[in-house]
Each structure stands twice: as structure tokens, then as C-alpha cells.
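Structural features, examined
Listed below are the residues making up each chain.
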Amino acid sequence: MTEQHKVGEVIEACSTDFTAQCYELYRSPALGSLVKTRFELQGTDVQDAWLYGIVYQAQTASGDPGRRPIARGKEAQDEEEIYRDNPQLMKLLKSDFSVVVVGFKEGERIYQYLPPRPARIHGLVIPCTDEEVKQFSRSFDFINLLLKSRLEIPVEELVGAALRSMAQVYEAEKHAFLVSAGKELAGLLSADYAQLKAILKGLKNDAK
Amino acid sequence: MTLDINQISNQINQMVGKIKTGSNERSEHLRAVMAKLCDPDINLEALKRKIAAARTPNWSPAGLVDGLSQRYAAQIAPKDYSVLATDGSDIAADRNMPAHCYLINIGTVYLHYGSQPSAELMSVPKLYFEDSELVIKDPSNPHREQQIDGSLLDIKRAVEECRKLADLASVLPPDETLLAMMDGSLVLFGMQNFPEFVAEELVDKGFLTALNTLQQLSFSRRLCLASYISFPGSDQVVNALKVAICPQQQVDCDESCQNGEPACDVLSGINDRMLFSEWLKVGERSAVFVNPSQIVEKRYGSHQVYFFYLRVEDEIARVEIPQWIANRPDLLELTHSLVLDQCQRGQGYPVALSESHEQAVVTGADRESFWGLVEEALVAEKLPNQISTKSSSKRTRWV
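Read on for an overview of the structure. Since the model is a prediction, treat every value here as computed from it, not as a measurement. (Residues numbered from 1 in each chain as written. Chains lettered and ligands numbered in written order. Predicted model: local features only at pLDDT ≥ 70, side-chain atom pairs only at ≥ 80, totals over all residues.)

**So, the overall build of chain B**
Quick reminder of the rule: In this text, helices come from DSSP runs of H or I with a minimum length of four residues, and strands from runs of E with a minimum of two, each type numbered from the N-terminal end. The globule rule used for comparison is 2.2 Å times the number of residues to the exponent 0.38, while the radius of gyration itself is calculated over C-alpha atoms. Think of it as a crowd count around each C-beta: if 20 or more other C-beta atoms lie within 10 Å the residue is buried, if 12 or fewer it is exposed, and in between it is partly exposed, with C-beta placed from the backbone throughout. We call two residues in contact when the distance between their C-beta atoms, placed using the backbone, is within 7 Å.
Across its full length, chain B holds 14 helices and 13 strands. Its C-alpha atoms give chain B a radius of gyration of 24 Å, within 12% of the compact-globule value 21 Å for 399 residues. Dimensions of chain B along its principal axes, counting C-alpha atoms only, are 75 × 60 × 50 Å. Across the 399 residues of chain B, 36% fall into the buried class. Here the analysis covers contacts within chain B between residues at least 6 apart in sequence; of these, 74% occur between residues at least 24 apart.

Right under this line is the structure:
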């Protein structure tokens, strides 16, 4: 994740999360990955303000809710043939992904709490670079935001996916990163052993 | 209560009863039509002359080209080809609204099949509000003008669809095999109700100029042009059979059949769709016929409209083509196979047309948003934005 390129555009936003449409079909960032979108900090001179979020949901469906996709492959050899024979599908189907907001950056400072304003519609969504992921994950305050979020995905799955995604950029220090994250989780979930266990179980293989 | 369904359901039952009573007679007439279509005694050249000389004020027989009962199987469509289609919708000028304007939304679709498949779908709306756009003026008499609304707006939209098709076809890679498609007829119906200067503007300078562009392109690249009519209601081929069955050497309905029962009555109630549903197998096309429309004969020149019927899975479609396609056997066969391929890809209806319609469509909600935006813009500029009380009563209903 070294190249900074836009993958989608915000089409719906509120203070806690936003939904973006992918520029290319099926090209949504991975579950749990950290993305950013520029936002406006009104009343300040700060030009470089970014909102950070973690991808928690991705879906592909017909761009027109009134037109459901139909089965087309009865005579086709494989899935690719269906797309080859119906090139319009690449334009009629839309991939969206939803992002839970976990903080923002104002100049050089990163805050892991909700920003004063939501993302803007048509804001470009860019996957964070390895360096940005490292900078952001110096603090684990965002885990609390994830645990408190009311999302369609089980929160254990989301926290696990986010930490595994972040751990990838640490290479040799991956184990240390996950151990620190585990300690943070143990503190936050001291009253909910079942949930803690579920998350740690999901991290176990990556921590080896 | 808006529509009393209980009241109408009785009337629907009566109507269905009438259709049922007529079905035996229709089967008989259909048998007579089929028999005439396949009559081995018909002399094609003699029938062509008889049709050309026929005086049939209430109906028009199709012109004949290669025969009546020919059936052609489709060739295999090339793997690599492109299809370009346009379709349009409009928001008509509304005198109850605060600004005088109309809108035409042209949906366009470009699909490329083969080793590098791709698709472009878009819609281009254009607002017409200048005085010169709202009316067509007679260049020889500044006091004569024709408002563009009602059926004239439909014609204007068809012209814009064809113009867009020609513009886009001109910029496509010349090495591609291209099928350019439109929905409906190539004949601009209703034009005879308007003065000559209107026809000059819309038909000669508009529609036919675009067809000229497409014809020119066909000289330098493989280009087919087809206009597609689903579930057609026309009866021009059956009318040609009526001429064939007429015992008079010179068909003249007013002269010969004012009193008594015309011989062609045994073919009544049958249209071309019913005839070719019986005759064509899936994928086959009929012989080619000439559209006898007066406006075509008078104005279309080298773009005389020909047509054939095509059997797609569950229905008969009418495919209209210009003379310059009909006269080239290679392009005619290519048109047949590409239109059929489009239907097969689109669950029975050409996929490019169905997608261009989706791009063009203007819904009731779109209309409301459009007029809302017009009102907002007028208010922002502190301009009068009064709408009629009729319009306002429709928006705010009360009891």
C-alpha cells in the first residue's frame, strides 16, 4: 500500500461514517483497511485536514435499485465470459464500501476521536500509505471508537480485521504491534471476556 | 376516487368477449393470408407493377423487392463488433409553468464486443429556451412560424437522436464493424401535418443530413444502420397481399368496391406481425420490403426506407433500414445477424436500445425536480416565477 491513489468517492456521509462508490467495479479497499478523505476544517487556517476511517463493509449491486441483476451464465463457460459478452455490466453494476470514521489529521497532528464535521459528498477516498498507517496506529484510542460503533458487521470481526491490516505494515515489528494492541484490548474489554477472547483468537495466527 | 376499477372491470370483460368472438374469423383470415403469401402463381414483377399503380386511399401496400415469402437464416455474427444506439426523452414546454422552454435528453450507448470488450453509457440533456429554438420560422415569411410542441417535439427528438448517432459514429475507430441503432421507425410520421418550411428544417436539414453522414461513413467502413420496432402493428405486407388478391387488374378501391364486399375482406383483421409469426422460424428474417410512406417517397431520396421482419424468440420485430443498406447484400446480412445478436444478448430486445432507453428516460420525479430547479433559479434572480392556478391546484390538493 505504498502508492497514493483514489479508489472511490464519498456518496453518503454522516459524523460517524461514510459510504463511497468505487471507480472500478469490485475494487473496494480490503475490510479493516485504513483510508482517508480530505475535509474542511472551518474557522481555521489549516489546509491539510484529513479524515481517517476504517473500511467495515463493501457491496456490489445494480446502480439502479429498480433493476436487479439477472442470471446470465447458463450458456457461458466461466464468469469472465459473462462480463465479456455483456460489457455494459461493468458500467451498470456499482461497488460501494462503507467506512467508520476513527479520527482526523489537522496539519501534522492526528486525533483519534470524531472530527467536528463529516466527510463531504464527492470527497475522494484514498487508501493510506504504510507510513500513514504507522503514524495513525501509534495510538490505540481508535479501538474504543470501533468497539462502541453500531455497525452491521460484528464488532469483533471489524477490530480484528483492522488490527491485522495495520500489522502488515510493521513487518519485523508485527508481533510487538499486535501484543500492544492486545494489551489495549484487554484493558478496554476487561468486563467482556467473551468479546476479548473472540478478537484475540482472530489475531493469534498473525501474531506468530 | 380517481379511477373506479369496479366500473371498468365490466367493460374489460365485454371487450374480451368481443375479442373471443372474433378469434375464429381471424384464424380463417390468417389461413387466407398465408395461402396468398405462398401462392406459387404470383408473378413478382406483375405484382410490383400492380402495387405501384394501385389506388388504395385507406391503406398502403408495401413495395416488393426480392419476393414475398422468402425466409433467410441469419449468418453467424462476428465476434468483434461495436453497437451504437441512441434514444431520447423530453420535457415539453408547459404553458402553466413560469418559463417557456423544453428539454430533450438523449441517452447513448456504445458497446464493443470481442477481445477488448468495453462500454460507454451516457445521457446528454439539452435545454431549449432561445426564441429561435422554441419555434421554427419560415425563412421566406418572418410572420409564419411553428411552435415546437406536441407531435412536432416528438419529431424534433427523433431528429436529435439521429444527429447524435451520426456525430458519435463519425468519431469511432474506422476499423470496427459498427451497428448504429435507433428505436422506432426511420419514417418521421406526422410530418405531413406541418407546412413545407417545417419539413425542410427538420427532415431535410436535420434527419436526412444525419442519414447522409451515416451513409458517407458506410463508404469507408463496415457500418450498418437499423431502426428497431418491437411488436409492430403495421400491415403493409398484408396490404400488398390484398392487392395481389384483388380480382381487378387496376386496383381502385373507390371505383370498384364502393358497393358490395371487396375480395380483400378475406384478409382483414390480420397484420404483418401475425403473418410472420406463422411464417418465420427463430432467427430468420423475411424478404425485404419498401415502406410506402408518402413523406419517404417525397423527401428521403437515397434514404428510401426498406424493412424486413425478424423472428426473435417470442416475438416478431420490424427492422427498418435505409435503401443504401438494403441494396448491399453484405451489409443487409450483417444487419440481420447483428440485430439478432443484440436481441439474444438482451433477453429478446436489443441490449443497446434497452440501455440507451434507460439512459434517456425522464421520470415523473425528474420532471418535478426540473421545474423545481427552474423556479428556484428564477426566485434567486428575483424574476417573476408565477405558475398557473391550475398547476398550483394540482400540486396542493385539498378537499
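**Description of the overall build of chain A**
The helix and strand inventory of chain A stands at seven helices and seven strands. When the helices and strands of chain A are read in sequence order from the N terminus, they spell out β-β-β-β-α-α-β-β-β-α-α-α-α-α. The principal-axis extent of the C-alpha atoms belonging to chain A is close to 55 × 45 × 30 Å. Expressed as a percentage of the 208 residues in chain A, the buried residues total 31%.

**Observations concerning the interface of chain B and chain A**
As a reminder of what qualifies: For this classification, the nonpolar set comprises Ala, Val, Leu, Ile, Met, Phe, Trp, Tyr, Cys and Pro, the charged set comprises Asp, Glu, Lys and Arg, and every other residue, Gly included, is treated as polar.
Across the contact, 10 residues belong to chain B and seven residues belong to chain A. Of all the secondary structure elements, the ones that give two or more residues to the side of chain B that touches chain A are strand E4 (102–113), strand E5 (118–128) and helix H12 (351–360) of chain B. Here the residues of the side of chain B that touches chain A sort into six nonpolar, two polar and two charged.

**Remarks on the packing of helix H1 (residues 5–37) of chain B against helix H8 (residues 272–279) of chain B**
Residue and element names in this part refer to chain B. Heads up, the condition is: Only the stretch in contact is used when fitting a helix axis, every axis being a line fitted to C-alpha atoms; angles between N-to-C directions are given from 0 to 180 degrees. Here roughly perpendicular refers to angles of 65 to 115 degrees, roughly parallel to angles under 35, roughly antiparallel to angles over 145, and oblique to all remaining angles. Handedness of a crossing follows from how the near helix is turned relative to the far one, being left-handed for an anticlockwise turn of less than a right angle and right-handed for a clockwise one.
Packing of H1 against H8 brings their axes to within 10 Å, and their N-to-C directions diverge by 70°. Put simply, H1 runs roughly perpendicular to H8. Where H1 crosses over H8, the handedness of that crossing is right-handed. Two secondary-structure elements touch here, H1 through Leu 30, Val 33, Met 34 and Leu 37 and H8 through Met 274, Leu 275, Glu 278 and Trp 279. Looking at the contact of H1 with H8 residue by residue, the classes come out as seven nonpolar, no polar and one charged.

**Let's talk about helix H5 (residues 196–220) of chain B**
All names here are of chain B. For clarity, the cut-off: Expected helix span is computed as 1.5 Å times (number of residues minus one). What the bend at a residue measures is the angle between two axes, fitted to the seven residues ending there and to the seven starting there.
In this model, H5 (25 residues) spans 34 Å end to end at C-alpha, consistent with the 36 Å of a helix rising 1.5 Å per residue. Where H5 bends most, at Leu 208, the angle is about 35°. Turning to H5, its buried residues are Val 198, Ala 199, Leu 202, Val 203, Gly 206, Phe 207, Leu 208, Ala 210, Leu 211, Leu 214 and Ser 218.

**What about helix H6 (residues 174–188) of chain A?**
Residues and elements named next belong to chain A. Our working rule: It is the directions from the helix axis to the C-beta atoms whose arc is reported.
The first and last C-alpha atoms of H6 sit 21 Å apart over 15 residues, in line with the 21 Å expected at 1.5 Å per residue. For H6, the set of buried residues is Phe 177, Leu 178, Ala 181, Leu 185 and Leu 188. For H6, the angular spread of the buried residues around the axis is 90°, confining them to a single face. Turned more than 90 degrees away from the buried face of H6 sit Ala 176, Val 179, Lys 183 and Gly 187, all of them exposed. Structurally, H6 contributes buried residues whose contacts are with helix H4 (141–148), helix H5 (155–167) and helix H7 (193–204).

These figures capture arrangement, not role.
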